[in-house]
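Geometric and topological summary
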Amino acid sequence: MATKSAGEFRNGMTLEIDGKVCQVMEFMHVKPGKGAAFVRVKLKDIINGGVVETTFRPTESFQEAFIERKKMQYLYNDGDLFYFMDNETFDQIAVGAEDVGDSLKFVKENEEVTVSLYQEKPFAIEPPLTVELQVTETEPGFKGNTAQGATKPAIVETGAQVAVPLFVDQGEMIKIDTRTGEYLSRV
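Keep in mind that this is a model prediction, so the values were computed, not measured. Here the residue index of a chain counts from 1 through its sequence in written order. In view of the model being predicted, local features appear only for residues whose pLDDT reaches at least 70, and side-chain atom pairs are presented and counted only at 80 or more, with totals across whole chains, interfaces and linings using the full set of residues. Side-chain numbers come from the whole structure's heavy atoms, not from hydrogens or water.

What to know about the pattern of salt bridges
Pairs may arise between side chains of opposite charge once their charged atoms sit close together. Rule in force here: Just to be clear on terms, a salt bridge is a Lys or Arg side-chain nitrogen sitting within 4 Å of an Asp or Glu carboxyl oxygen. Starting at the N terminus, helices and strands are each numbered in turn, a helix being any DSSP run of H or I of at least four residues and a strand any DSSP run of E of at least two. Using a 1.4 Å probe on the protein chains alone, a residue whose accessible area is under 20% of its type maximum counts as buried, one over 50% counts as exposed, and one in between counts as partly exposed.
For the structure shown, the criterion picks out 8 salt bridges. Here Arg69 ties to Glu126 by a salt bridge, and the two come within 2.9 Å at their closest N and O atoms. Here the residue Arg69 occupies a position in strand β7 (residues 67-78), and Glu126 occupies one in strand β11 (residues 121-126), the gap between them amounting to 57 residues. For Lys70, the salt bridge goes to Asp86, with nearest N and O atoms at 3.0 Å. Remark: Asp86 occurs in strand β8 (residues 81-86) and Lys70 occurs in strand β7; sequence separation between them is 16 residues. For Lys70, a relative accessible area of 24% gives the class partly exposed. By relative accessible area, Asp86 is classed as buried at 5%. Residues joined in a network through salt bridges with shared partners are Glu68, Lys70 and Asp86.

A word on the packing of aromatic side chains
This is how it is decided: Pairs were defined over the aromatic rings of Phe, Tyr and Trp, the Trp ring being its six-membered one, requiring ring centres within 6.5 Å. Orientation was assigned from the angle between planes: stacked under 30 degrees, edge-to-face over 60, tilted for the rest.
Within this structure, the stated rule accounts for 6 aromatic pairs. Consider the rings of Phe9 and Phe56, whose centres lie 6.1 Å apart with planes at 85°: the pair is edge-to-face. Taken together, the positions of Phe9 in the loop between β1 (3-5) and β2 (14-17) and Phe56 in strand β5 (residues 51-56) put the pair 47 residues apart, joining distant regions of the chain. Geometrically, the ring pair formed by Tyr76 and Tyr83 is stacked, given 4.8 Å between the ring centres and 25° between the ring planes. In textbook terms, an aromatic cluster arises when at least three aromatic residues are bridged by ring pairs, as seen for Phe9, Phe56 and Phe62.

Some words on unusual backbone geometry
The phi torsion at Phe90 lies on the positive side, around 65°, for a residue other than glycine. On the secondary structure map, Phe90 appears in the loop between β8 and β9 (92-96). With a relative accessible area of 57%, Phe90 lands in the exposed category. For Asn110, which is not glycine, the phi dihedral falls at a positive 75°. Mapping Asn110 onto the fold places it in the loop between α1 (97-100) and β10 (112-118). Judged by relative accessible area, Asn110 falls into the exposed class, the value being 52%.

Looking at the environment of Ala94
Defined as follows: Throughout, a residue-residue contact means that at least one pair of heavy atoms, one from each residue, lies within 4.5 Å.
Take Ala94: it is sitting in strand β9. When the C-alpha positions of Ala94 and Asp80 are compared, they lie 9.6 Å apart, and in sequence the two are 14 residues distant. Dropping the residues within four chain positions of it, Ala94 is found in contact with Leu81, Phe82 and Tyr83.

Digging into the sheet that holds strand β15 (residues 173-177)
To keep things clear, this is the line we draw: Should DSSP find at least two bridges between two strands, the strands are taken to pair. With axes taken as lines fitted to C-alpha atoms, and helix axes fitted only over the stretch in contact, angles between N-to-C directions fall between 0 and 180 degrees.
Read across the open sheet, the 5 strands follow the order β14-β13-β12-β15-β16; overall the sheet is antiparallel. The sheet is open, and its two borders are formed by β14 (161-165) and β16 (182-186), each paired with just one other strand. When the angles between neighbouring strand axes are averaged without regard to direction, this sheet yields 55°. Pairing analysis gives 3 bridges linking strand β12 (residues 130-138) to strand β13 (residues 151-156), with the strands arranged antiparallel. Directly across from Glu137, in β13, lies its bridge partner Ile155.

Here's the deal with the environment of Lys108
As for its position among the elements, Lys108 is in the loop between α1 and β10. Linking Lys108 and Tyr83, residues 25 residues apart in sequence, is a C-alpha distance of 12 Å. If sequence neighbours within four positions are ignored, Lys108 has contacts with Tyr74, Glu132, Leu133, Glu157 and Thr158.

Quick look at the structure:
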């Protein structure tokens, strides 16, 4: 593994700092009039998402952390475990519910997701940007109710709730943005 000194930091770089895997969000080389130069850094802990600002001497060195991102197929969940299959090797891995969080709330079984791994351990699941899901439950739309932008709640086949326009009916397929959970269009 390569080491990088604080003077070589770049945005987006991932490093192992104090036993944590951190990504450099922002950095600034500071050369005060008096005293030694230092590097002010904003770091994001990529495992738990926390952000911290700190300073380092430019000569301090840290190990680079290699984050692997693999396309995997979401197979099924069994209680607190979610199973994924590597699309190239067909190896299966199980990921605990605490690492999955709510990243799969719009993902059906057999869909492809991106799994981020550090030292072979999965820590984040990225769903596709948009998904197409069937509305399984919603109130019927009303004729003549044409208020601009009016929405109603709908439950999709994965069990997640989405706000949809009044004209969307039960059984219809809709497209959803997985980053925001917003309705995009009918399919």
